[in-house]
Amino acid sequence: MLRVAAAASVVVCGVSLLTCALLLHQCRQQHDPVLPAPCRETGSVSRSEYMDGPLTPFSELSPAEVNSVLAFLSSNVSLELRDVRGASIKDTFVHLMEARVPPKQDVLRWLTGGGPPPKRVAKVILFRGSADPPVVEEHEVGPLPEPTYSRLVSSKLRRTVVPFSLRPFSKAEFMPIFRHLTPLVAREVGDLLEESYGARLGPGCKPRCLRLSFTPVSSAFLPPNTRAAWFWLAYDLEFYTLHPLDLQILVDTTALDAANWTVERIFYAEQFFDSLKDLADRYSAGTINVTRVAFPEEPVEELYSSLHLRGDPFPTDDKPPPLQVMPRGQRFKVEGSRVHYLKWSLTLRVSPSVGLQLYDVNFGGERVAYEVSLQEIAVLYAGRSPAASMLYFADSAGLFGTRMRGLLQGVDCPAYATYLDTRMFTSNDGGLARFPRALCIFEHNSQSPLRRHRAYGLSGAFYGGLVDTMLIVRTYISVINYDYVIDYIFRSSGAIEVRIGSTGYLATSFYLAGEERYGTRVHKHVTAGMHQHVFHIKADLDVAGTPNTFSTWDVGVENTTHTWSHDPAAIYAQTYISKNVRQRESEGCYNYNFKVPKYLLISGGKPTELGNRRSYRVIPQGMSPAMLPPLVGFESSVPWARCQVAVTRHHDDEATSSSIFAMWDARDPVVNFTRYLADNENIENEDLVTWVTLGTFHIPHTENLPNTATVGTHLALLLTPFNYFPQDPSIASRDAVRVSPLDSSRPLAGAVVQRYNTSVGMTCLPDMSLADEDLKANSTELFV
């Protein structure tokens, strides 16, 4: 599958064991021969403890639960269930198994101590290739740990029996590509490949090899109940998506037996052919144009597509970059799946289909969000060649949870972070598998104030400031050639941020005349197509309880006069606020309009003594309009992108805005987000869910080679308190600093620095150079 990454930078704030050891040694030499604690402490929670903690309604399936579900399903002889490790696409096997989160009200009663733990059940996606006709089914198996029933899930909002042609990718389907299609192409047109590209396909190709990849075709472009993909060739080099070639093959893959797959069309040298034999015959007859590209001969270290160090190295000395340290160890703790940080507490869950989800997010002991999670990533391309023009992806087909793994200390996350493994059951990973270093948790110092003020002059001089430190829960979703970094950020102000950045490799196509209309020529034979990245986020806020209201505070302009003016009749203009409660779901679909600025508020509880409703403000940062017209082609697979913000009434059956089938199901989406809005329910004083679409356009450029690292393209959703607290809750943070004159009547004659926390028991502060003593002697520079 061809993938892409929009450019963005990833925050790197690592610290190595060696460097910290050197810092510690220097601190001991310069300050104190014996220190009570080192400069660095790693996370105190083992990775197995996170997965093996007490089971809660949010916990993923334990190994014992997985085994009990498999045993129960296998006891049903009529299913003809096969072990995933030996199953083919013609068999029935479990493609995906995960815990189903219980109904929200049952969970809330348990959280508040008013009810028992909800029963645990498993959601099972069955590929039933042995059924007649073959289908994909969603089953519920429970209760756990000893199931007594298995039943087909019933829903009025989404399909739970899905045509087999719409199934997501699986390992069982990848193997026939290599066993049948690759040898077929090598056998039929091997001589053409050798002359055109100086390389071979299949076994025995070394040292010059080609590889076959494919781009799925959405059902919007196919007859009903058919499945097809455009297969395309590239050099098997680092990294292959930057080495595309111009042979593309449209294959009907509807048949369960790959031997019965049929080649429908071929695109080569800007010509179409009806079959591989047609191409081979016309090539042998010398009646067609032949592409000729030289196989790259330079060592991999010198390839434009590799990530080996090249060019003039910098810096010229061996000085390392700045580091962050935890002078007295980490200030958060992980207890099972529960994370505690200052006033925050939250529960982690990693779903194989949805990926990282945060549940029961509390600040100061009060729940502010029931769930915050990424729902879908869609990537929409443009291009001239057939495969390039079919590049429409809904990435949840790749199972987000299984794409989280392998974080590198000191680069992907700080070395001092706590790293957590996860465990999931999918057929692509051979059943129940462990995913090492799937996410990390760390406290980050932004080196920028969360708040500060300097009052100066001869009276009332003072300084107050608080550095912006935050807890970050981070994961990466790696899908073939791009990597998305997803940060969930928690600040001392009570604000939550979901921040998304991306890096990786471009999706490209062989350069053809006319391609520059759709992208940029980035290398001699390579075009990178323009594309749009669109992300959908779910924020189930519970503001002062579950009954919430969505309102917009719209900013307008009014004409007015001033009776005190020298010209009382003169017309002036000023802005004003129009407060509008949205009463129905049809009013909850919001598209950004620069001409009418708005505050988007989710409010709950009784009015405060000041008459304000306690609220959280929804701030999308990074929006782009959906460019595909509604109901045209692939657009029907991502209807949620039509609204930058949508607010719906909570229903347990509206758990996600997309599905693992969205890559193919444009004709009749398995999960159709428009149905969530169609009933137009009341959303005033109800349990509400906010859905936010973030997006960006990316026109590739040569600086995206070899890797798409470009600064400043992070997208973010901010959820910030608005009249929620009587004052800024960070005012209670002991990380704050205050500077006051020694004599309030003589502010320039010296000042005292009051550090409520950081000066107490500090172990080691490399090169901090604090100004506390200097200010006691002379405070002119601060207060003048």
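These numbers were taken from a predicted model, which means no experiment stands behind them. (Residues numbered from 1 in each chain as written. Predicted model: local features only at pLDDT ≥ 70, side-chain atom pairs only at ≥ 80, totals over all residues. Heavy atoms only, no water.)

Asker: Account for the overall build of the chain, with residues named and values stated.
Answerer: Across its full length, the chain holds ten helices and 35 strands. Since a compact globule built from 784 residues should have a radius of gyration of about 28 Å, the 29 Å found for the chain is in line with a globular shape. Put simply, 68% of the contacts in the chain that link residues at least 6 apart link residues at least 24 apart. Roughly 34100 Å² of accessible area belongs to the chain as shown, and the carbon and sulfur atoms make up 53% of that amount. Looking at the chain, you have 74 positive and 82 negative side-chain charges, and the mean spots of the two groups are 3 Å apart. (Helix = DSSP H or I, 4+ residues; strand = E, 2+ residues; numbered from the N terminus. Rg over C-alpha atoms; globule rule 2.2 N^0.38 Å. Contact = heavy atoms within 4.5 Å. Areas by Shrake-Rupley, 256 points an atom, 1.4 Å probe, with all protein chains shown as cover. Lys, Arg positive; Asp, Glu negative; His and termini not counted. Charge placed at Lys NZ, Arg CZ, Asp CG, Glu CD.)

Asker: So, the packing of aromatic side chains: which residues are in play, and what are the values?
Answerer: Here the structure, examined in full by the defined rule, presents 32 aromatic pairs. Measuring from centroid to centroid gives 5.5 Å for Tyr392 and Phe634, while their planes differ by 15 degrees, and the two rings are stacked. Taken together, the positions of Tyr392 in strand β17 (residues 392-394) and Phe634 in the loop between β30 (614-621) and β31 (645-649) put the pair 242 residues apart, joining distant regions of the chain. Arranged with centres 5.4 Å apart and planes meeting at 85 degrees, the rings of Tyr484 and Phe535 form a pair that is edge-to-face. Here Phe535 lies in strand β26 (residues 531-541) and Tyr484 lies in strand β21 (residues 482-491), a separation of 51 residues in the sequence. Through successive ring pairs, a cluster of aromatic residues spans Trp344, Phe363, Phe490, Tyr616, Tyr724 and Phe725. Taking the ring centre of Tyr724 as reference, the NZ or CZ of Arg614 above it sits at 4.0 Å. (Phe/Tyr/Trp six-rings, centres within 6.5 Å; stacked < 30°, edge-to-face > 60°. Lys NZ or Arg CZ within 6 Å of the ring centre and 35° of its normal.)

Asker: Lay out the environment of Asp132 with the relevant residues and their values.
Answerer: Within the secondary structure, Asp132 is located in the loop between β2 (120-128) and β3 (135-144). Taking the C-alpha atoms as reference, Asp132 lies 89 Å from Asp743; in sequence the two are 611 residues apart.

Asker: Describe helix α4 (residues 104-111), listing the residues and the values that go with them.
Answerer: Of all the residues in α4, the buried ones are Lys104, Val107 and Leu108. Projected onto a plane normal to the axis of α4, the buried residues spread over an arc of 100 degrees and lie on a single side. Phi turns positive, to about 80 degrees, at Gly113, one or two residues after α4. (Buried < 20%, exposed > 50% of the residue type's maximum accessible area, 1.4 Å probe, protein only. Arc of directions from axis to C-beta.)

Asker: Help me get a handle on the sheet that holds strand β10 (residues 262-268), residues and values and all.
Answerer: Strands in a sheet are paired, the pairing made by backbone hydrogen bonds, and the direction either parallel or antiparallel. Strand order in the open sheet formed by six strands is β6-β7-β8-β9-β10-β11, and the pairing between neighbours is mixed. Edge strands, defined here as strands with exactly one partner in the open sheet, are β6 (200-201) and β11 (271-273). Alignment of β10 against β11, held across three bridges, turns out to be antiparallel. When the bridges of β11 are listed, Phe267 appears paired with Phe272. (Pairing = 2+ DSSP bridges.)

Asker: Could you give an account of helix α5 (residues 171-197), naming the residues involved and the relevant values?
Answerer: Under the 1.5 Å per step criterion, the end-to-end length of α5 is only 29 Å for 27 residues, more than 12% shorter than the ideal 39 Å. Remark: the principal bend of α5, roughly 80 degrees, maps to Val189. At the exit of α5 stands Gly198, carrying a positive phi of roughly 65 degrees. (Expected span 1.5 Å × (residues − 1). Bend = angle between axes of the 7 residues up to and from the residue.)

Asker: So, the UniProt feature "modified residue: 2',4',5'-topaquinone" (unreviewed entry) in the chain: which residues are in play, and what are the values?
Answerer: Per the UniProt record, the feature "modified residue: 2',4',5'-topaquinone" (unreviewed entry) sits at Tyr482. With respect to the helices and strands, Tyr482 occurs in strand β21. Tyr482 gets classed as buried once you look at its relative accessible area, which sits at 0%. (UniProt positions renumbered as here; feature names shortened; annotations may be inferred.)

Asker: Please give an account of the pairing of strand β34 (residues 737-741) that cites residues and values.
Answerer: Of all five residues in β34, four are buried; the element is thus mostly enclosed. Where β34 and strand β35 (residues 751-755) come together, five bridges link them in antiparallel fashion. Across the sheet, Pro741 pairs through a bridge with Ala751, a residue of β35.

Asker: For the UniProt feature "domain: DUF1965" (unreviewed entry) in the chain, give the residues involved together with the corresponding values.
Answerer: The UniProt feature table records "domain: DUF1965" (unreviewed entry) at residues 241-284. Taken end to end, residues 241-284 is 20% helix and 43% strand, and its two terminal C-alpha atoms sit 29 Å from one another.

Asker: Hey, could you go over the environment of Arg755 for me, with residue numbers and the actual values?
Answerer: Tracing the chain through its elements places Arg755 in strand β35. When the C-alpha positions of Arg755 and Val739 are compared, they lie 8.7 Å apart, and in sequence the two are 16 residues distant. When near neighbours in sequence (up to four residues on either side) are disregarded, Arg755 contacts Ala736, Val737, Leu770 and Asp772. At 2.8 Å, the side chain of Arg755 and the side chain of Asp772 are in polar contact. (Polar contact = N/O pair within 3.5 Å; in protein donor to acceptor, adjacent residues only side chain to side chain.)

Asker: Give a description of the state of the cysteines that names residues and reports values.
Answerer: What the rule picks out here adds up to three disulfides. For Cys205, the disulfide goes to Cys209, at an S-S distance of 1.9 Å. On the sign convention where negative means left-handed, the S-S torsion of about 85 degrees between Cys205 and Cys209 marks this disulfide as right-handed. The same class applies to Cys205 and to Cys209, which are both buried. (Disulfide = S-S within 2.5 Å.)

Asker: Pulling in residues and values, what's your account of the domain arrangement of the chain?
Answerer: Often, the extent of an interface is quoted as the loss of accessible area upon association of its parts. Examined at the domain level, the chain breaks down into domain 1 (49-154), domain 2 (171-302) and domain 3 (332-722). Of the roughly 2900 Å² buried at the junction of domain 1 and domain 3 (both faces included), carbon and sulfur atoms supply 62%. Taken together, the connections running from domain 1 to domain 3 amount to six salt bridges. Residue Glu98 is joined to Arg349 by a salt bridge in which the shortest nitrogen-to-oxygen separation is 3.6 Å. (Domains from an automatic or database assignment. Buried area = accessible area lost by both parts, 1.4 Å probe. Salt bridge = Lys/Arg side-chain N within 4 Å of Asp/Glu carboxyl O.)

Asker: Residues and numbers for the environment of Val66, please.
Answerer: Following the sequence through the fold, Val66 ends up in helix α3 (residues 63-74). Separated by 33 residues in the primary sequence, Val66 and Ala99 have C-alpha atoms spaced 9.5 Å apart. Excluding anything up to four places from it in sequence, Val66 contacts Leu61, Met97, Phe425 and Leu432.

Asker: Please set out the packing of α5 against helix α6 (residues 276-284) residue by residue, giving values where relevant.
Answerer: At a closest axis distance of 10 Å, the pairing of α5 and α6 adopts a crossing angle of 35 degrees. In terms of crossing hand, the pair formed by α5 and α6 is left-handed. Residue-level contacts link Leu184, Val185, Glu188, Val189, Asp191, Leu192 and Glu195 of α5 to Leu276, Lys277, Leu279, Ala280 and Tyr283 of α6. Grouping the constituent residues of the contact of α5 with α6 by class yields eight nonpolar, no polar and four charged. (Axes fitted to C-alpha atoms, helices over the stretch in contact; angles between N-to-C directions. Left-handed = near helix turned anticlockwise from the far one by under 90°. Nonpolar A, V, L, I, M, F, W, Y, C, P; charged D, E, K, R; others polar.)

Asker: Could you give an account of the sheet that holds strand β24 (residues 519-523), naming the residues involved and the relevant values?
Answerer: Reading across the sheet, the three strands line up as β23-β25-β24 and stay open at both edges, with antiparallel pairing between neighbours. Each end of this open sheet is capped by a strand with a single partner; those strands are β23 (508-510) and β24. Pairs of neighbouring strands in the sheet enclose a mean axial angle of 35 degrees, with direction left out of account. Here four bridges tie β24 to strand β25 (residues 526-529), and the two strands are oriented antiparallel to one another. The residue bridging Thr520 from the neighbouring strand is Ala528, located in β25.

Asker: Help me get a handle on a negative patch on the surface, residues and values and all.
Answerer: A cluster of like negative charges, contributed by Glu238, Glu298, Glu301 and Glu302, occupies part of the molecular surface. Structurally, Glu298 can be placed in the loop between α6 and β12 (332-335). Residue classification places Glu298 among the partly exposed residues on the basis of a relative accessible area of 35%. (Patch = residues over 30% accessible without salt bridge, like charges linked within 9 Å, V, L, I, M, F, W, Y side chains within 5 Å.)

Asker: Give me the pattern of salt bridges: which residues, what numbers.
Answerer: The tally for this structure, following the rule as stated, stands at 50 salt bridges. Two residues, Asp274 and Arg265, come together in a salt bridge whose shortest N-O distance is 3.0 Å. Take Arg265: its relative accessible area is 32%, and that puts it in the partly exposed class. A salt bridge links Asp668 to Arg675; its shortest N-O distance comes to 3.5 Å. Classification of Asp668 as partly exposed rests on a relative accessible area of 33%. A single network of salt bridges, built from pairs that share partners, joins Arg100, Glu138, Glu140, Arg151, Arg158 and Asp653.

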